[in-house]
Amino acid sequence: MARIVIAGSGFGGLTAALQLKKRLKNSNHRITVLAKDNQFVYRPSLVLVAFGKKSPKSITFNLETLYAKSGIEFLPTTIESFDVEAKAVNTKTGPVFYDKLIVALGEKLQYEEIPGLREYGYNVCSIEGALALRSALEHFDGGPIVVGWSQFVQTGGPAFEVALELEEWLKRHDLPGSIQFIDPLPKLWAPAGPEATEFLTALFAERKISRMGPVQVKEVKADRVILKDGTELPSKLTILTPPFRGEDAQSSLANGHSRDWLETGKDMRSVHYPDIYVVGSAVAFEGPKQAHTAMLQAETAAHNLSLEVNQSSAPRKEYDHEMSCVLDLGNGQGLFVRRSLWNDQHQVVRTGRRWPMAKSALAYSFVHTPIFKKWGVPMSKINP
Ligand SMILES: Cc1cc2nc3c(=O)[nH]c(=O)nc-3n(C[C@H](O)[C@H](O)[C@H](O)COP(=O)(O)OP(=O)(O)OC[C@H]3O[C@@H](n4cnc5c(N)ncnc54)[C@H](O)[C@@H]3O)c2cc1C
């Protein structure tokens, strides 16, 4: 019997646990999930919470209940470090020993790298963040707004949606204001490819959202954002995703990586520790960190790990880095982009009314139906 421990239960950890359980159903291997929160938050819907279109309750579910039903052991606790010699995860409640480990701790928001960002900036990365922005919007009486993401952020989509929602909010509430979008990329949404860049650039121009980039943020004050080149952008409302880095708990596994991300091969196994797999934002891949990528990586890791513990010689899987995203553009319109990031295999860009509906249906089925939770339908089988 192998003791398989999964550290983290976001999109990556949850998918890995459900996929492993499915693959190992007739064995006595033990799967234990450790996570500090016992609520799962469907983060793609957080923008809607910030703009009052969804409640926090409607985008969350209880992990304890889900794992109890799935026959997976769940331990809500904070992970402090990993001990690869002892093969133990050190938690606040004591060590948990493993034979195989999947690390899926997501990203840490590193506010400290930008003075003033925690005090004067808003973001939609958590329920608390989305609710704080909601309250700020309710008190906002107009003026310049800065929205975007800081250096080292690898999830851009939500900031575009925030900018577009804001533009509608100002109109709906008849508020004076200008929206300045900032980001660190050479071109607007560069990873999504030239067609998507062109589309979004034209849309921003049409909606009078001006974009400045590539820029790096130095400091945020109550009334402005100061960039590293000295430019000062007046701002009465600043909504900026803080820089990302790996969680502190995983730094001992990072082998000196400058942002504490963990290096893996395409099979999602750590290049330094053969008994450890890594999935989701914790992985050191360049390019977008998404729920989509986290789930595809988790499927790959679950496949390969289950072969290992069952000592099977069946072929291992390799993850193929691709982004897939629907941006809600407002007015019932959406932009869908799916693109290979390691090769030119495919690029799909579509617009229209069906995309926000598809996004909303996916969110609903993920949170409220058994499609992913009980049946464990893999993301790689969902093809819009
Ligand atoms: C507003 C917003 C909108 C988004 N929209 C989309 C979208 O439309 N499509 C898309 O594909 N992606 C989207 N994303 C990105 C997506 O949400 C992330 O890429 C995804 O959540 C990463 O999954 P993960 O499993 O790596 O990490 P997470 O989902 O962050 O999960 C991390 C897990 O680790 C646990 N954890 C962390 N540290 C510790 C610790 N020390 N001890 C114990 N447990 C710990 C947490 O409790 C959690 O269970 C969006 C993100 C945001 C913020």
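A quick note: this is a predicted structure, and the numbers were derived from the prediction, not measured.

Enquirer: What is the right way to read the sheet that holds strand β20 (residues 276-278) from this model?
Expert: Spatial ordering of the open sheet is given by β5-β2-β1-β9-β20, a layout of five strands whose pairing is parallel. Looking at strand neighbours, the two that pair on one side only are β5 (73-76) and β20, the edges of this open sheet. Strand-to-strand twist of the sheet, defined as the mean angle between neighbouring strand axes without regard to direction, takes the value 20°. In this sheet, strand β2 (residues 30-35) lies alongside strand β1 (residues 3-7) in parallel orientation, the contact comprising five bridges.

Enquirer: Honestly, the site of the ligand in this entry has me stumped. Any pointers?
Expert: Taken together, 35 residues surround the ligand, and among them Gly 8, Gly 10, Gly 12, Gly 106 and Gly 280 come closest. Going through the elements one at a time, α1 (11-23), β2, α2 (46-50), α6 (157-172) and α8 (291-309) are the ones with two or more residues in the shell around the ligand. Taken together, the residues of the shell around the ligand sort by class into 17 nonpolar, 13 polar and five charged. Lining the shell around the ligand are residues from two domains, each supplying at least three of them: domain 1 (3-106 + 247-319) and domain 2 (112-244).

Enquirer: What should I look at first to understand the UniProt feature "domain: FAD/NAD(P)-binding" (unreviewed entry) in the chain in this one?
Expert: Annotation from UniProt places "domain: FAD/NAD(P)-binding" (unreviewed entry) at residues 3-298. Regarding residues 3-298, the helix share stands at 27% and the strand share at 28%, and the terminal C-alpha atoms are separated by 18 Å.

Enquirer: What exactly am I supposed to notice about the environment of Lys 36 here?
Expert: Looking at the secondary structure, you find Lys 36 in the loop between β2 and β3 (39-41). In this structure, the C-alpha to C-alpha distance between Lys 36 and Ser 306, residues 270 residues apart in sequence, is 25 Å. When near neighbours in sequence (up to four residues on either side) are disregarded, Lys 36 contacts Pro 76, Thr 77 and Thr 78.

Enquirer: Help me out: how do you make sense of the domain arrangement of the chain in this one?
Expert: You'll often see interface size given as the accessible area lost when the parts meet. According to the domain assignment, the chain contains domain 1 (3-106 + 247-319) and domain 2 (112-244). For domain 1 versus domain 2, the distance between C-alpha centres works out to 30 Å. With 13 residues of domain 1 in contact, the opposing surface of domain 2 contributes 15 residues. Looking at the side of domain 1 that touches domain 2 element by element, the count peaks at four residues for α2. Each residue belonging to the side of domain 1 that touches domain 2 can be placed in one class, and the counts come to eight nonpolar, three polar and two charged.

Enquirer: Hey, could you run me through the nonpolar core in this one?
Expert: Within soluble globular proteins, side chains that are nonpolar generally end up buried alongside one another. Ranked by internal contacts, the top residues of the largest apolar core, which has 109 residues, are Ala 7, Val 103 and Val 279. No other element matches the eight residues that α8 contributes to this core. Counting contributing residues, this core receives three or more from each of domain 1 (3-106 + 247-319) and domain 2 (112-244). Contacts of Ala 7, omitting those with residues within four sequence positions, involve Leu 34, Ile 79, Val 89, Leu 101, Ile 102, Val 103, Ala 104 and Leu 105.

Enquirer: It is not clear to me how helix α3 (residues 63-70) should be interpreted in this structure. Could you clarify?
Expert: Note: α-helices contain 3.6 residues per turn, so residues at a spacing of three or four share the same orientation. For α3, the complete set of buried residues consists of Leu 63, Leu 66 and Tyr 67. The buried residues of α3 occupy an angular sector of 90° when the element is viewed end-on, so they sit on one face. Projecting away from the buried face of α3 at angles above 90 degrees are the exposed residues Glu 64, Thr 65, Ala 68 and Lys 69. Against β2, β3, β4 (60-62), β5 and α10 (370-373) lie the buried residues of α3. One or two steps after α3, the chain reaches Gly 71, where phi turns positive at roughly 75°.

Enquirer: Looking at this structure, how should I read helix α7 (residues 194-206)?
Expert: For α7, which comprises 13 residues, the first-to-last C-alpha distance of 18 Å matches the rise-based estimate of 18 Å (1.5 Å per residue) to within 8%. Here α7 has its buried residues at Ala 196, Leu 200 and Leu 203. Angular distribution of buried residues about the axis of α7 spans 60°; they occupy a single face of the element. Of the exposed residues in α7, the ones pointing more than 90 degrees away from its buried face are Pro 194, Ala 202, Ala 205 and Glu 206. Those residues of α7 hidden inside the fold are in contact with α6, β21 (322-330), β22 (333-340) and β23 (347-352). The positive-phi residue at the C-terminal boundary of α7 is Lys 208, with phi of around 60°.

Rules used throughout
- Along each chain, residue indices are assigned from 1 in the same order as the chain's sequence is written.
- Under the rules for a predicted model, residues below a pLDDT of 70 receive no local features and side-chain atom pairs below 80 are neither given nor counted, while totals for whole chains, interfaces and linings still include all residues.
- We call two strands paired when DSSP finds no fewer than two bridges between them.
- Under the scheme used here, helices are H or I runs from DSSP no shorter than 4 residues and strands are E runs no shorter than 2 residues, and both carry numbers assigned from the N terminus.
- An axis is simply a line fitted to the C-alpha atoms; with a helix, the fit covers only the stretch in contact. Between two such axes, the angle follows the N-to-C directions and lies from 0 to 180 degrees.
- By definition, a residue lies near a molecule or strand provided its backbone-derived C-beta atom is within 6 Å of it.
- Any residue that is not Ala, Val, Leu, Ile, Met, Phe, Trp, Tyr, Cys, Pro, Asp, Glu, Lys or Arg is counted as polar, Gly included; the first ten are nonpolar and the last four charged.
- The split into domains, and so the bounds of each, comes from an automatic or database assignment of domains.
- UniProt positions are given in the numbering used here, feature names are shortened, and annotations may be inferred rather than shown by experiment.
- Contact definition: two residues whose C-beta atoms, as placed from backbone geometry, lie within 7 Å.
- Each nonpolar core comprises buried Ala, Val, Leu, Ile, Met, Phe, Trp, Tyr and Cys residues, the members being joined through C-beta atoms within 7 Å.
- Three classes are used. A residue is buried when 20 or more other C-beta atoms lie within 10 Å of its own, exposed when 12 or fewer do, and partly exposed in between, with C-beta atoms placed from the backbone.
- Throughout, the arc means that of the directions going from the helix axis to the C-beta atoms.
- In a helix, the anticipated span is given by 1.5 Å times the number of residues less one.

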